[in-house]
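Coordinates in review
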Amino acid sequence: RAKDDGRGTYRFFEPEMDAQLQRRRMLELQLRSANFDTDFELLFQPLVDLQTKKVTTIEALLRWTSTFHGTVAPDEFIPIAEDSGLIVPLGAWVLEKACTLASDLPPYINVAVNLSATQIRRSNVVDTISTILSETGLSPDRLEVEITETLLLDDNREVNSALRQLRALGVRISLDDFGTGYSSLAYLRRFTVDKVKIDRSFVADIVGDPDHLAIVQAIVGLTHALGMTSVAEGLETEEQLLLIRASGCDEAQGYLFSPPVPEDEIKEFLARRGWKLRVA
Ligand code: C2E
Ligand code: MG
Ligand code: MG
Ligand code: MG
């Protein structure tokens, strides 16, 4: 592995790795000088209740267009924003935008915001969230924060206490991408999350692979036994929808219903469908 010698140069590098590091550094510089309001956009994707066919929640998903690099995927820029600490102000911007939009929607629509571990560890995210909630007037139980399992795994007091404080405020906690990490049933119990989002890799193969169907059924059964809501991520086809619904899963999200869309479009989408989906 290449090592940083502390003066910003890398020794023993492979040319390919050098290019990767260069890009990463460039992106970090771009991120640091970005103007949130002009360079970032929040898209929203609906989560649908499979019984009532109504939209329950819209998830906020961040998009970045860099002046020099064009569109950069969240899977690439979020880790850079996390490592550089920029996720703290950027994440606050996302929370504010998302809560502002939600406060303009009917009260039965919630908004989900992805939260990075760094936001919890390196900032007082509880203060940030409660300030934003009072400024936007959004009822706390209409905000769902999505965290990943790895966050629950490391037995960190700050994380623990932040999650408890958020729940005490009335904010809901969702476990994102469930099944991809070191999923442990014990952790689900200990932290009492409200929603479990089953990773889309299980949904993708559910039609062809009986094992994946069995896993989904087991997760759904478990969440119900613990009084939690289950969500299937990445639903793309009608066949997947049939199996997911038959598994007893409560909600689903995916291109089948809608890709992530800009604010105007999600409002139009919700209004046009009377908050209810025809396809489901
Ligand atoms: P995530 O929270 O698991 O979000 C779901 C991802 O799956 C989104 O990718 C979404 O566009 C994509 N997706 C939704 N439906 C389908 C489908 O039917 N098929 C397929 N193939 N994909 C689908 P996206 O927007 O690229 O975001 C990737 C990840 O970046 C998110 O995963 C989340 O972990 C992170 N992210 C996005 N926005 C934020 C943010 O504001 N803050 C933080 N901390 N992380 C964010
Ligand atoms: Mg998410
Ligand atoms: Mg996810
Ligand atoms: Mg993800």
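Numbers given for residues are sequential positions, taken from 1 along each chain in its written order. Chain letters start at A and ligand numbers start at 1, both assigned in the order the entries are written. In keeping with the model being predicted, local features are shown solely for residues with a pLDDT of at least 70 and side-chain atom pairs are shown and tallied solely at 80 or more, while totals for entire chains, interfaces and linings include all residues. Excluding hydrogens and water, the side-chain values take into account all heavy atoms of the structure.

A word on the pattern of salt bridges
Basic side-chain nitrogens of Lys or Arg form a salt bridge, by our definition, when they fall within 4 Å of a carboxyl oxygen of Asp or Glu. Per the counting criterion, the structure on display carries eleven salt bridges. Here Glu28 ties to Arg32 by a salt bridge, and the two come within 2.8 Å at their closest N and O atoms. Of this pair, Glu28 and Arg32 both sit in helix α1 (residues 15–32), separated by four residues, roughly a single helical turn. The buried label goes to any residue with under 20% of its type's maximum accessible area, the exposed label to any with over 50%, and the partly exposed label to all in between, with areas taken from a 1.4 Å probe on protein chains only. Accessibility expressed as a relative area gives 26% for Glu28, which makes it partly exposed. The closest approach of N and O atoms between Glu251 and Lys195, which form a salt bridge, is 3.0 Å. Residue Glu251 is found in strand β11 (residues 251–252), and its partner Lys195 is found in strand β9 (residues 195–198); the two are separated by 56 residues along the sequence. Note on Glu251: relative accessible area 7%, which makes it buried. Given the relative accessible area of 7%, Lys195 is considered buried. A cluster of three or more residues bridged by salt bridges with shared partners is formed by Glu59, Glu146 and Lys197. Only DSSP runs of H or I reaching four residues or more are called helices, and only runs of E reaching two or more are called strands; each is numbered from the N terminus.

Describing the layout of surface pockets
A volume near 1,200 Å³ is recorded for the largest pocket. In this analysis, the protein atoms alone were mapped onto a 1 Å grid. Cavities are point sets where a 1.4 Å probe fits without being able to get out; pockets are open sets with protein on both sides within 12 Å along at least five of seven lines; lining residues have an atom within 4 Å of a point. Residue lining of the largest pocket: 39 residues in total, with Leu61, Asp75, Asn114, Asp176 and Asp177 positioned closest to the centre. Elements represented by at least two residues in the lining of the largest pocket include exactly β4 (55–66), α3 (74–83), α4 (87–102), β6 (110–114), α5 (117–121), β7 (143–148), α7 (149–153) and β8 (172–178). Its residues assigned to classes, the lining of the largest pocket comprises 16 nonpolar, ten polar and 13 charged. Grid points are joined across faces, edges and corners, and a volume is the space filled by probe spheres set on the points. Here the term charged refers only to Asp, Glu, Lys and Arg, the term nonpolar to Ala, Val, Leu, Ile, Met, Phe, Trp, Tyr, Cys and Pro, and the term polar to all other amino acids, Gly among them.

Considerations on the pairing of strand β10 (residues 229–232)
Only strands that DSSP links by at least two bridges are regarded as paired with each other. Note: β9 against β10, four bridges, orientation parallel. Bridge pairing in β10 places Lys195 opposite Thr229. Pairing between β10 and β11: two bridges, direction parallel. Within the sheet, the bridge partner assigned to Val231 lies in β11 and is Glu251. Note that the unit made of β10, helix α12 (residues 238–246) and β11 has a crossover that is right-handed. When the strands point away from the viewer, a crossover counts as right-handed if the route from the first strand across the helix to the second turns clockwise.

Some remarks on the coordination of the magnesium ion (ligand 2)
In this structure, Glu59 (OE), Asn114 (OD1), Glu146 (OE) and Asp176 (OD) serve as the protein donors to the magnesium ion (ligand 2), at separations of 2.0 to 2.3 Å. For the magnesium ion (ligand 2), the donor residues sit on a single chain with the sequence spacing E-x54-N-x31-E-x29-D. Here the magnesium ion (ligand 3) and the magnesium ion (ligand 2) are spaced 4.0 Å from one another, each receiving a donor from Asp176. Remark: Asp176 occurs in strand β8 and Glu146 occurs in strand β7; sequence separation between them is 30 residues. Of the two residues examined, Glu146 and Asp176, each falls in the buried class. Coordinating donors are taken as N, O and S atoms within 2.8 Å of the metal, stretched to 3.2 Å for Na, K and Ca; because water is absent from the atoms, sites can appear incomplete.

Here's the deal with the packing of α1 against α3
Relative placement of two packed helices is described by the angle separating their axes and the distance separating the axes. The axes are straight lines fitted to the C-alpha atoms, using for helices just the contacting stretch, and the angles between their N-to-C directions are given from 0 to 180°. Where α1 contacts α3, the two axes come as close as 10 Å, and the packing angle between them is 70°. As judged from the angle between their axes, α1 and α3 are roughly perpendicular. Taken together, the residues of α3 that come into contact with α1 (itself represented by Arg23, Arg24, Leu27, Glu28 and Leu31) are Glu76, Phe77, Pro79, Ile80, Ala81 and Asp83. Residues belonging to the contact of α1 with α3 are distributed by class as follows: six nonpolar, no polar and five charged. Note on angle classes: values under 35 degrees are labelled roughly parallel, values over 145 roughly antiparallel, values of 65 to 115 roughly perpendicular, and the remainder oblique. Note on definitions: a residue-residue contact is assigned when non-hydrogen atoms from the two residues lie within 4.5 Å.

What about the environment of Asn160?
Take Asn160: it is sitting in helix α8 (residues 157–169). C-alpha separation for the pair Asn160 and Gln45, spaced 115 residues apart in sequence, amounts to 28 Å. Whenever a nitrogen or oxygen atom comes within 3.5 Å of another N or O atom, the pair is scored as a polar contact, on the condition that within protein one atom can donate a hydrogen and the other can accept it, and that pairs from neighbouring residues in sequence are kept only if both atoms are in side chains. A distance of 3.0 Å separates a polar atom in the side chain of Asn160 from a polar atom in the side chain of Arg164.

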